[in-house]
Structure formats: structure tokens, C-alpha cells
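Coordinates in review
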Amino acid sequence: MPLPATHSADETLVKRLLAAQLPELAALPLSRLDPAGSDNVLYRLGDELSVRLPRGEWAAGQPEKESRWLPRLAPHLPLAIPEPVALGAPGEGYPWHWSVSRWLPGSPPDIGGLACPARIAAELARFVAALHRIPADPSLAAGPHNGFIGAPLARRDAETRAAIAETDVFDSAALTAVWDAALAAPPWPHPPVWVHGDLHPGNLLIADGQISAVLDFGGLGVGDPACDALIAWTLLPPSAREIFRAESGLDEDSWTRGRGYALSTGLNAYTAYAATNPRVAASTKYQIMATLADFQRA
């Protein structure tokens, strides 16, 4: 699967953008953070701010969406989320909006090395349940703005089966069984709810052994809450996974769909990045194997 073209958004460009649009911040020290996510280039700006710039057209709408919605969601959530400070406009040869947010302390969790997985699972479950309770806005129904996260799983069927066929690392029959079960689960029968859509370890921060923040709301939308069970297979060991399941309020059918979503996203990322990014290869392999093992136990 060829990767889409990306914009480097190098330090010189970011300094020019700041000088032109936010001159009061332009003198602050700027340092690129690596690795960052696949959607955005990230810089630390001084001690208290960060700058985030989409890498490509597929992520170009994220800064505007986050700037609009995150301040409205934050008061209702039990964990910190990014606090937008400024929304930058296209300029200096950079074609999309970009953002400045408050710096959030902490570091990503260590997959397989959580000091207190039960506590982490409970914190994440409370966050997910709180997000799903906030009255949803139908204008953010699953669609191109978030890669159709929260849409019925059938939309992912062709690409997921193609990824199953492409890989020779995993048992294709076992992968197909997980995916078929997810597709067969009854759809979400209630009105759409807010979803984060991309709850994996790279979008979490931990400080002093507990979750300090949830990051990257580029996939924010409203739809099927099952996609927010993703974190159960990307981070949590089996015992903590059950705590998350019980306290998040997700029913059995949602859990089955969520496992399918975790399998699908893991496979697609693995086939796209495994040959070029060992870090992504390791994390997505963990994710895929966790869904297989969980399905076998079920």
C-alpha cells in the first residue's frame, strides 16, 4: 500500500509562520518532537506550548475541528485534553491550517509495562463513558473529516479483507474469524455519540503512574462508540481489559464490534508501515495479537 505524500513542515517554515502570524510567540525556543503521529508534525514551543501541523491533505481539517470543539468538550471530561491557544492560517508556502496548544506534561505509556494497569483501565473507562454521555452534535457524523471513524464496520470490509490477504505474518483464518464476528454483531441501536476514534498508547500521556492527558482528537466525530474500545487491545493486558469493559458501559455487541475495529486498524497500519517503521510494526503486532487472543478466550 503506497503511503500518501507528506509535508515536512521543517523548523524554518514553522519559525516563518510564527513570525508572520503569532509574532509574540516567535522568539520562544522551538524543537521538533520525534516520533510524532502519522497525521501531524509536532514541535515544542517554549516551556508551555506546542505547535501541530498536518502532514497532508487527509489531516488538513483537524486543527480547525479541534479548535472549535475541544474547549466545549473539556469541561465534561475527567482527564486533560489539548487546550487550543491559537489557530494558524495557511501561509509561507504551507497550505493548511495549523495550531498552537498548551503543553501537556507526561510521557506515552509503555505497552506491556504499566505499573498499575487496573488503575489505568478504570481511568480510561471513565473518560470514554464521560465522552459518550456528552450530547452529540450531528454535524460531526462519521465522514471524510475523520476517516469515517464511528461509521458501521461494513465500510471497512474491503480494505480489511485486502489487508488480511496481504499479510503472511498472521493466521489469515483466525483474522477472518474475528472480522466476520464483528461484522455479524448487531449495529449500534442508539443515537450516535461522541467518539475519540483513535485511542492508542501514542495518544495518551502518563505522569506519576496515572493517565495525565488524552491527545490527538483528529478522529473526533459522532457515531458508534465501539471504536473507543480500541485502547483495550492496544495497551491493556487481559485482566485490565475486563475492568475497562465493565466500567466503560460498552455492551457485548459493542465490544465485539470494537474488537473488529481494533483488528482492522491494526492490520491496515501494519501493512502500511511495518516495512519502514519498526515502532509501528511492534505496536500494531501487539494490537493484532491481542484481538486474536481475546477472540479465542471469548
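In what follows, the accompanying structure is described. (Residues numbered from 1 in each chain as written. Predicted model: local features only at pLDDT ≥ 70, side-chain atom pairs only at ≥ 80, totals over all residues. Heavy atoms only, no water.)

Quick word on empty space enclosed by the protein
By the definition in use, this model includes 2 cavities of 30 Å³ or more. Space inside the largest cavity adds up to approximately 80 Å³. In terms of lining residues, the largest cavity is bounded by Phe-148, Ile-149, Gly-150, Ala-151, Pro-152, Leu-153, Arg-156, Asp-224, Ala-226, Cys-227, Arg-257 and Tyr-261. The residue inventory of the lining of the largest cavity, partitioned by class, reads 8 nonpolar, 1 polar and 3 charged. (1 Å grid on protein atoms, 1.4 Å probe; cavity = no way out; pocket = protein on both sides within 12 Å on 5 of 7 lines; lining within 4 Å. Points joined across faces, edges and corners; volume = space filled by probe spheres on them. Nonpolar A, V, L, I, M, F, W, Y, C, P; charged D, E, K, R; others polar.)

Here's the deal with the layout of surface pockets
A probe as big as a water molecule, rolled over the atoms, marks out the empty space that is left. By volume, the second largest pocket is sized at about 190 Å³. If you go around the second largest pocket, you meet 14 residues; those closest to its centre are Pro-152, Leu-153, Pro-187, Trp-188 and Asp-224. Grouping the amino acids of the lining of the second largest pocket by side-chain chemistry returns 10 nonpolar, 2 polar and 2 charged.

Some details on the packing of helix H8 (residues 252-273) against helix H9 (residues 278-297)
Between H8 and H9, the shortest axis-to-axis distance is 9 Å and the interhelical angle comes to 150 degrees. Viewed along their axes, H8 and H9 adopt a mutual orientation that is roughly antiparallel. Like other packed secondary-structure pairs, H8 and H9 cross with a definite hand, here left-handed. Touching Trp-255, Arg-259, Ala-262, Leu-263, Thr-265, Gly-266, Leu-267, Ala-269, Tyr-270 and Tyr-273 of H8 are Val-280, Ala-281, Thr-284, Lys-285, Gln-287, Ile-288, Thr-291, Asp-294 and Phe-295, all from H9. When its residues are assigned to classes, the contact of H8 with H9 shows 11 nonpolar, 5 polar and 3 charged. (Axes fitted to C-alpha atoms, helices over the stretch in contact; angles between N-to-C directions. Helix = DSSP H or I, 4+ residues; strand = E, 2+ residues; numbered from the N terminus. Parallel < 35°, antiparallel > 145°, perpendicular 65-115°, else oblique. Left-handed = near helix turned anticlockwise from the far one by under 90°. Contact = heavy atoms within 4.5 Å.)

Structural notes on the nonpolar core
Grouped together as the largest cluster of nonpolar side chains are 59 residues, with contacts concentrated most on Phe-127, Trp-194 and Phe-244. A total of 8 residues in this core trace back to one element, the largest contributor, which is helix H3 (residues 117-133). When residues no more than four places from it in sequence are discounted, the contact partners of Phe-244 are Ala-121, Leu-124, Ala-125, Val-128, Asp-228, Ala-229, Ile-231, Ala-232, Leu-236, Leu-250 and Trp-255. Leu-18, Val-41, Tyr-94 and Trp-98 belong to the second-largest nonpolar core, a separate cluster that totals 20 residues. (Core = buried A, V, L, I, M, F, W, Y, C linked by side-chain atoms within 4.5 Å. Buried < 20%, exposed > 50% of the residue type's maximum accessible area, 1.4 Å probe, protein only.)

A short note on the pairing of strand E3 (residues 49-54)
Taking burial as the measure, the 6 residues of E3 include 6 buried ones, the bulk of the element. Every second residue of E3 is oriented toward a common face, with Leu-49, Val-51 and Leu-53 on one face and Ser-50, Arg-52 and Pro-54 on the other, all of them buried. Of the strand pairs in this sheet, strand E2 (residues 40-45) and E3 are connected by 6 bridges, and their pairing is antiparallel. When the bridges of E3 are listed, Asn-40 appears paired with Pro-54. The turn joining E2 and E3, which pair antiparallel and follow one another in sequence, is formed by 3 residues; a positive phi near 65 degrees is taken by Gly-46. The pairing of E3 with strand E5 (residues 98-102) spans 4 bridges and is antiparallel. Across the sheet, the residue bridging to Arg-52 is Ser-99, located in E5. (Pairing = 2+ DSSP bridges.)

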